[in-house]
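The primary structure of each chain is shown beneath.
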Amino acid sequence: MNAKRQLLGLGLPELQDYISELGQPAFRARQIYKWIYEKQTASFYEMSDLPREFRQQLDEIAVVSIPRVLKQKVSNDGTRKFLMELDDKKKIETVVIPQSGEKNTRYSLCISTQVGCPVGCQFCATGSSGFQRSLESHEMIGQYLGSKRELMKRLKQNDENIISNLVYMGMGEPFFNYEQVISSIRILIDPQGVNLGQRHITISTSGEAVGIERLAREDLQVTLAISLHACNDELRDRLVPLNRKYPIKRLMQAISDYIEITNRRVTFEYIMLDDINIAKQDAQQLIKLVKPLLANVNLIPYNEVETLPFKRPSGYNVRQFYQWLVDGGLNVTIREEHGSDIEAACGQLCIKER
Ligand code: SAH
Ligand code: SF4
């Protein structure tokens, strides 16, 4: 038996092609598009404005698959980590983070782009757990639809915008899966469908310079974040092995071209590792590198991973480094930690089921 055709992830033109192959009038594609993305149903039987036989036919030959939530863990701060299963039984983790401690708050969703990650950053649980494959766009859209459905069900809420921000910061390097990531974003922002705000979407890259160059030409208004973590090649080569391919000079060129083309402000993420990258000299190098770009800097105090040797700096050291950057004229924030009690914080996602 042939595999069923996956309709999630198709844009309207592709859906139209498919529908015309089936000998149906073009307007049916628009109806289906609306059901999938606007009303967000995965069941053809619920698509009540389609003829009954056509619904039956679709059910036999096509599918809208949303990853199954196998398990979820809820943190004291309300962060939830979902273990999701894909059609080929591979598993990914997806995290939703409440934006405030209030009731009826909205959530940010941290989307995974790959199963594992081939970059292999030394400090990252995902990177040290290997790489299996990249995700398809429907699997990223499915993380949104599946998480939203689960949240609404669990919290007994019917706020259609319960997930208001998306960050492509889960497992994987988004720009190693460039086409599928961009195509998922185009579907998620389509006003005729899911209709998420572009300005509420962030993509974080470990420094894949070619992806940055390509994104500059997409005419999208998403936010670009770059995981810098070190300002000299010697250290960055060790921490983020992709630096050997795109050293800092090459990376910074891509970023400044990006800023020039898009006129958008970028964010540099800087993980804070005790005794490694938070000395005064590191602050000076960071200021020199970032200040001319008028970028934001987001400091991420390291979330410790049991199997890895790195340590989180003391609160004092975190504040001191922060202050050096502020005094140097940078626009800096310190990332709040969420969900570390359930290993859902940045860099704690892992492909081994727990
Ligand atoms: N692969 C992409 C996006 C996912 S990682 C990237 O590297 O940018 C999201 C962010 O979490 C990155 O800035 C990453 O460096 C950071 N991170 C990874 N492991 C971490 C850890 N153990 N503690 C804190 N931040 C971590
Ligand atoms: Fe991959 Fe990002 Fe982890 Fe590096 S930090 S291994 S790029 S997920």
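Thresholds, definitions, all that
- Residues numbered from 1 in each chain as written.
- Chains lettered and ligands numbered in written order.
- Predicted model: local features only at pLDDT ≥ 70, side-chain atom pairs only at ≥ 80, totals over all residues.
- Heavy atoms only, no water.
- Salt bridge = Lys/Arg side-chain N within 4 Å of Asp/Glu carboxyl O.
- Helix = DSSP H or I, 4+ residues; strand = E, 2+ residues; numbered from the N terminus.
- Buried < 20%, exposed > 50% of the residue type's maximum accessible area, 1.4 Å probe, protein only.
- Axes fitted to C-alpha atoms, helices over the stretch in contact; angles between N-to-C directions.
- Parallel < 35°, antiparallel > 145°, perpendicular 65-115°, else oblique.
- Contact = heavy atoms within 4.5 Å.
- 1 Å grid on protein atoms, 1.4 Å probe; cavity = no way out; pocket = protein on both sides within 12 Å on 5 of 7 lines; lining within 4 Å.
- Points joined across faces, edges and corners; volume = space filled by probe spheres on them.
- Nonpolar A, V, L, I, M, F, W, Y, C, P; charged D, E, K, R; others polar.
- Phe/Tyr/Trp six-rings, centres within 6.5 Å; stacked < 30°, edge-to-face > 60°.
- Lys NZ or Arg CZ within 6 Å of the ring centre and 35° of its normal.

Once that is clear, we can look at the pattern of salt bridges. Side-chain pairs of opposite charge can arise where the charged atoms are in close proximity. With the rule as written, the count across this model stands at 15 salt bridges. Note that Glu160 and Lys148 form a salt bridge whose closest N and O atoms lie 2.8 Å from each other. Here the residue Glu160 occupies a position in the loop between α4 (137–155) and β9 (163–168), and Lys148 occupies one in helix α4, the gap between them amounting to twelve residues. The class of Glu160 is partly exposed, set by a relative accessible area of 46%. Glu337 is paired through a salt bridge with Arg312; the nearest N and O atoms lie 3.3 Å apart. On the criterion of sequence distance, the pair formed by Glu337 in the segment after β14 (331–334) and Arg312 in the loop between β13 (296–301) and α10 (315–327) is long-range, its members being 25 residues apart.

One can describe the packing of helix α6 (residues 209–216) onto helix α8 (residues 248–262) by two numbers: an axis separation of 9 Å at closest approach and a directional angle of 10°. The angle between α6 and α8 places the two elements in the roughly parallel class. Here α6 contributes Ala209, Val210, Ile212, Glu213, Leu215 and Ala216 to the contact with α8, which in turn contributes Arg250, Leu251, Ala254, Ile255, Tyr258, Ile261 and Thr262.

Moving on: empty space enclosed by the protein. One pass over the structure, following the stated rule, counts two cavities of 30 Å³ or more. As for the second largest cavity, its lining consists of Ser65, Ile66, Pro67, Leu86, Asp87, His138 and Glu139. When the residues that make up the lining of the second largest cavity are grouped by side-chain class, the tally is three nonpolar, two polar and two charged.

Moving on, we get to the packing of aromatic side chains. Within the structure shown, the criterion is met by five aromatic pairs. Centre to centre, the rings of Phe321 and Trp324 are 6.4 Å apart; their planes meet at 75°, and the pair counts as edge-to-face. Residue Phe321 and its partner Trp324 are both found in helix α10; the two are separated by three residues, about one turn of the helix. Of the two residues, Phe321 and Trp324, neither departs from the other in class, the shared state being buried. Members of the aromatic cluster, each reached through a chain of ring pairs, are Tyr270, Phe321 and Trp324. The residue whose ring lies beneath Lys39 is Trp35, and the NZ or CZ to ring-centre distance is 4.0 Å.

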